[in-house]
2 protein chains.
Amino acid sequence: MAKTKQVSNKAVEAEQGNDAHRGRVTSYDVAAHAGVSQSAVSRCFKPGASVSKKMRDRVMKAVEELGYRPNAIARGLITRRSNMVGVIVSNLNFYPEVLSELNKRFISRGVHVLLFALDQESDVGSILEQLWQYPVDGVVAAAHLTPEQIALFDERGVPLVFYNRAYQDVPVSSVCCDQSEGERMLVSQLAGSGKHKDFGIIAGPRDSVVSMQRTEGALARLKELGFDQVNVVSGDYTYESGRRAIGKLLEARGEMPDAIICANDMMAMGCMDELRFKHDLDVPGDVSVVGFDGVKAAAWASFNLTTVTQPVESMAEAVVTMLLDRIDNDGLPPEKRTFSGVLRSGGSIRQ
Amino acid sequence: MAKTKQVSNKAVEAEQGNDAHRGRVTSYDVAAHAGVSQSAVSRCFKPGASVSKKMRDRVMKAVEELGYRPNAIARGLITRRSNMVGVIVSNLNFYPEVLSELNKRFISRGVHVLLFALDQESDVGSILEQLWQYPVDGVVAAAHLTPEQIALFDERGVPLVFYNRAYQDVPVSSVCCDQSEGERMLVSQLAGSGKHKDFGIIAGPRDSVVSMQRTEGALARLKELGFDQVNVVSGDYTYESGRRAIGKLLEARGEMPDAIICANDMMAMGCMDELRFKHDLDVPGDVSVVGFDGVKAAAWASFNLTTVTQPVESMAEAVVTMLLDRIDNDGLPPEKRTFSGVLRSGGSIRQ
């Protein structure tokens, strides 16, 4: 009892301190206006607290008349929640849809997103330094963290769920698209047409686990089908690197492959543009190209790319649910969830 | 003196409340470890507070050994700052670059972004309800607010700067690209080639002030050049709506215009794809197309769009500076800054 009261006072003081500064209406103003005690006002905003209907009506009338808004941070000192979660994304330009889906779903549950966007994966360390300064209830990471960085979350008791970053042998929660299965579907499509003999792969950055899983999935399926002479070059997931990779593939094998498997859609679109506008080749007439992700532009008529679409909505919903469950209950064990991608048959494979 | 002390105590209590929960190292742990008082630790993190070098070294050694991080929210109760700003964006998919630039610049100044993304402009009301629950130091809005909504910021003393949303007759700060000037440049380019007689315009949503300014700029320049029979149809800024708008233009005038001016790049790319893949027309051979914004995809070889590039970096820098200046000094008057766009000459105008 004494403890609750003390915490509640802190919240009240925090609210006073903050709102006095802003000229905001405080719970004290509401109390004075309604002719009740401040603690009665406070109880009206405390989940599960006992308040008579008469008292509640009286307070709510004053709340409405004064335009009072309870302060989420101050309230957090009561509930031990800030109702803020951190979202770390490694490259915002690749993730607008993911961030949009996460944000929408958190907001619908009364939780807000404090954004930590990286220019480069190597900035994670300094981002975490900053993150620890905020009382976030939990964190979604769409970026790679080291096992040491992950351990800090455990130590600090801050729940963490990864978006599309898988960790083997690290007990951490994640939601992923099945990269390997997706690539196997794409290779099977390419092989199924019977028109391809020479395969090339444009992988992502060398330190990307997602790229590694996609590339290994493609290579494994190609090997099963009897294709074991496959050139692999690397890009950095951007359109421009997809264009440059064509030159690397040409250099590596002396001639253009007749099918190119790209680790993401952005590189696949760069690759298509390079084939068409630099080498005057037809896609898919001369060269077939496949991507991965299912970004919006991949479906545009200029590309009509055959790709595997990540189920972003299901994945975002899973991440949000998993994180909020772990904020509510810190005894839940780490869980890994993997969603199958959906093959999008475009017009970029020769038939 | 008494007041400062009281506020400082609140901060300390907030920190205790929060960090005890998280198992984080608190300033009390640091004090015990260093063998000094908690207030000495606190002074080391308070800008401008007097601390001897010996004391600072002693505290910082303990800080390092324990891995202590001062809590930004708790510190905010001392400095009257949360070091968080709200960023409202109307459609995240259009704004990844803007959000990325804003985020990077705020972070480099020790300020973090609490994200409020809208699915529809009409959600602004409910977003603001939520925003008032957080102690943000200021807000950047890349969305349209009503004058009544803007007035609430003044009342609450929360600085507000608009990104690319202009208000005439409303004393509010904003950073904009010169929409009208940009459109005039584009029309001059089209007219300069001497190859166009029939102009069509694909405007943005009817409630978009940016679209209105762009469309009026284009119409005014066309009129000066003697073209006053111009059909205007509307899209919703998406690629798909650019495709659909071609049908509307055809319907409106019975034949295809020979130059189409689109209120943004996304619609221009949809328009190009519809002309090429639905109507089998060449761009720019049969129809010239121009856009606005300078998004990355506009420069891809498939489009190579002639457009006006918004100086996103300069605009983001201006917004961040203006907002932080107003957080530091609430006496600064509203200011409107307008940056010229940069003409990007692509290959989508017939020469």
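Residues numbered from 1 in each chain as written. Chains lettered and ligands numbered in written order. Predicted model: local features only at pLDDT ≥ 70, side-chain atom pairs only at ≥ 80, totals over all residues. Heavy atoms only, no water.

Going by an unreviewed UniProt entry, chain A carries the name LacI family DNA-binding transcriptional regulator and comes from Biformimicrobium ophioploci.

Turning our eyes to something else, we now look at the packing of aromatic side chains. The geometry of two aromatic rings is summed up by the distance between their centres and the angle between their planes. What the rule picks out here adds up to 11 aromatic pairs over all chains. Between the aromatic rings of phenylalanine 199 of chain A and phenylalanine 227 of chain A, the centroid separation amounts to 4.7 Å while the plane-to-plane angle is 65 degrees, which identifies the pairing as edge-to-face. Linking phenylalanine 199 of chain A in strand E6 (residues 199-203) with phenylalanine 227 of chain A in the loop between helix H10 (209-224) and strand E7 (231-234), this pair joins segments that are 28 residues apart in sequence. The ring of tryptophan 132 of chain A carries the charged tip of arginine 156 of chain A above its face, separated from the ring centre by 4.4 Å. The lysine or arginine in question, arginine 214 of chain B, covers the ring of phenylalanine 292 of chain B, its NZ or CZ lying 3.8 Å from the ring centre. (Phe/Tyr/Trp six-rings, centres within 6.5 Å; stacked < 30°, edge-to-face > 60°. Helix = DSSP H or I, 4+ residues; strand = E, 2+ residues; numbered from the N terminus. Lys NZ or Arg CZ within 6 Å of the ring centre and 35° of its normal.)

Moving on: the side chain of glutamate 101 of chain A. One can find glutamate 101 of chain A in helix H6 (residues 96-108). Residue contacts for glutamate 101 of chain A: discarding those within four places in its chain leaves Val312, Glu313 and Ala316 of chain A. (Contact = heavy atoms within 4.5 Å.)

Adjacent strands of a sheet pair through backbone hydrogen bonds, lying either parallel or antiparallel. Within the open sheet, the 12 strands sit side by side as E11(A)-E5(A)-E4(A)-E3(A)-E1(A)-E2(A)-E2(B)-E1(B)-E3(B)-E4(B)-E5(B)-E11(B). Their pairing is mixed. The sheet is open, and its two borders are formed by strand E11 (336-339) of chain A together with strand E11 (336-339) of chain B, each paired with just one other strand. If you compare each strand with its neighbour and ignore which way they point, the axes differ by 20 degrees on average. (Pairing = 2+ DSSP bridges. Axes fitted to C-alpha atoms, helices over the stretch in contact; angles between N-to-C directions.)

Take the environment of leucine 249 of chain A next. All names here are of chain A. You can see leucine 249 is positioned in helix H11 (residues 239-253). Residue leucine 249 is classed as buried on the basis of its relative accessible area, which comes to 0%. For leucine 249, the residues in contact, after removing those within four places along its chain, are Gly200, Ile201, Ile202, Asn231, Val233, Gly254, Glu255, Pro257 and Ile260. (Buried < 20%, exposed > 50% of the residue type's maximum accessible area, 1.4 Å probe, protein only.)

The side chains of a regular strand alternate, residue by residue, between the two faces of the sheet. All names here are of chain B. Among the 5 residues that make up strand E6 (residues 199-203), 5 are buried, leaving the element largely enclosed by the rest of the structure. Here E6 shows a buried face lined by Phe199, Ile201 and Ala203 and a second buried face lined by Gly200 and Ile202. Taken together, the 4 bridges between E6 and strand E8 (residues 259-262) define a ladder with parallel strand orientation. Residue isoleucine 202 lies in a different strand from E8, and its bridge partner there is cysteine 262. The sheet contact formed by E6 and strand E7 (residues 231-234) spans 4 bridges and is parallel. What sits directly across from alanine 203, in E7, is serine 234. A crossover links E6 with its parallel partner E7, the connecting element being helix H10 (residues 209-224), and its sense is right-handed. (Right-handed = clockwise from strand over helix to strand, strands pointing away.)

Turning to the nonpolar core, a few remarks are in order. As a rule of thumb, nonpolar side chains are buried together in soluble globular proteins. The biggest cluster of nonpolar side chains holds 86 residues, and the ones touching the most others in it are Phe106 of chain A together with Phe106 of chain B. The contact partners of phenylalanine 106 of chain B, leaving out residues within four places of it in the chain, are Val85, Val111, Val113, Val140, Val320, Leu323 and Leu324 of chain B. In this structure, Phe303 of chain A together with Val210, Ile246 and Val289 of chain B belong to the second largest nonpolar core, which totals 54 residues. (Core = buried A, V, L, I, M, F, W, Y, C linked by side-chain atoms within 4.5 Å.)

Okay, the packing of H6 of chain A against helix H13 (residues 312-328) of chain A next. Residues and elements named next belong to chain A. H13 packs onto H6 with a crossing angle of 45 degrees between their chain directions and a minimal axis gap of 9 Å. One way to sum up the angle between H6 and H13 is to call them oblique. In this structure, H6 crosses over H13, and the sense of that crossing is right-handed. When H6 is examined against H13, the residues Glu97, Val98, Glu101, Leu102, Arg105 and Phe106 are found in contact with a partner set consisting of Val312, Glu313, Ala316, Glu317, Val319, Val320, Leu323 and Leu324. When its residues are assigned to classes, the contact of H6 with H13 shows 9 nonpolar, no polar and 5 charged. (Parallel < 35°, antiparallel > 145°, perpendicular 65-115°, else oblique. Left-handed = near helix turned anticlockwise from the far one by under 90°. Nonpolar A, V, L, I, M, F, W, Y, C, P; charged D, E, K, R; others polar.)

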